[in-house]
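Report on the structure
The residues making up each chain are set out below.
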Amino acid sequence: MADSFKAENDVAMDKMMAAMAVKPTGDVDRDFVEMMIPHHQGGIDMAVAELRYGKNEQLRRVAQEIIVEQQQEIAAMRLALGDPLPPASAAPTGPPAGASSPSPSTPHHHAAPAQDH
């Protein structure tokens, strides 16, 4: 499971770094958003990997909070620029098909309300 987790995180990091390398448009606000959205999506992708493979309930709750908060910030940035929001979709939080679950009896927790940082 550790190898799968590492592989999934490596893909998330590579995807994030490539997507953050945007060509500047001269519009500072748009350039900021075009770099930050992949950065936030990378955090979401890494948090999903934690939910798929992690066993520590405290860290799994942190990962859930990261997903919710980063999705909200992506939406806020898109709306600030007047861009449409993508269709909503649920994040896959279980192991990929064919992989064993970290703990089938583990209760699922909902993320706590977002807090200011």
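This write-up is about the structure you can find in this document.

What counts and how
Residues numbered from 1 in each chain as written. Predicted model: local features only at pLDDT ≥ 70, side-chain atom pairs only at ≥ 80, totals over all residues. Heavy atoms only, no water. Helix = DSSP H or I, 4+ residues; strand = E, 2+ residues; numbered from the N terminus. Buried < 20%, exposed > 50% of the residue type's maximum accessible area, 1.4 Å probe, protein only. Contact = heavy atoms within 4.5 Å. Areas by Shrake-Rupley, 256 points an atom, 1.4 Å probe, with all protein chains shown as cover. Phe/Tyr/Trp six-rings, centres within 6.5 Å; stacked < 30°, edge-to-face > 60°. Salt bridge = Lys/Arg side-chain N within 4 Å of Asp/Glu carboxyl O.

**Quick look at the overall build of the protein**
Of regular secondary structure, the protein possesses three helices and zero strands. Secondary structure of the protein in N-to-C order comes out as α-α-α. A buried classification covers 26% of the 117 residues belonging to the protein. Residue pairs in contact within the protein that sit at least 24 positions apart in sequence constitute 65% of those at least 6 positions apart. Total accessible area computed for the protein in this model is approximately 7,800 Å², and 60% of it derives from carbon and sulfur atoms.

**Digging into the packing of aromatic side chains**
According to the stated counting rule, one finds one aromatic pair in the structure shown. Between phenylalanine 5 and tyrosine 53, the aromatic rings sit 6.3 Å apart at their centres with planes inclined by 75 degrees, giving edge-to-face as the arrangement. Residue phenylalanine 5 is found in helix H1 (residues 2–20), and its partner tyrosine 53 is found in helix H2 (residues 28–53); the two are separated by 48 residues along the sequence.

**Topic: the pattern of salt bridges**
Taken as a whole and judged by the stated rule, the model has five salt bridges. With its nearest N and O atoms 2.6 Å apart, the salt bridge here joins arginine 52 to glutamate 8. Here glutamate 8 lies in helix H1 and arginine 52 lies in helix H2, a separation of 44 residues in the sequence. For the pair arginine 52 and glutamate 8, a shared accessibility class is recorded, and that class is buried. Residues glutamate 34 and arginine 30 are paired through a salt bridge, measuring 3.6 Å at the closest nitrogen-oxygen approach. Of this pair, glutamate 34 and arginine 30 both sit in helix H2, four residues apart, roughly one helical turn. With a relative accessible area of 34%, glutamate 34 lands in the partly exposed category. Since its relative accessible area comes to 25%, arginine 30 is described here as partly exposed. Through salt bridges with shared partners, a single ionic network connects Arg30, Glu34 and Asp83.

As far as function goes, none of this settles anything; it's purely spatial.
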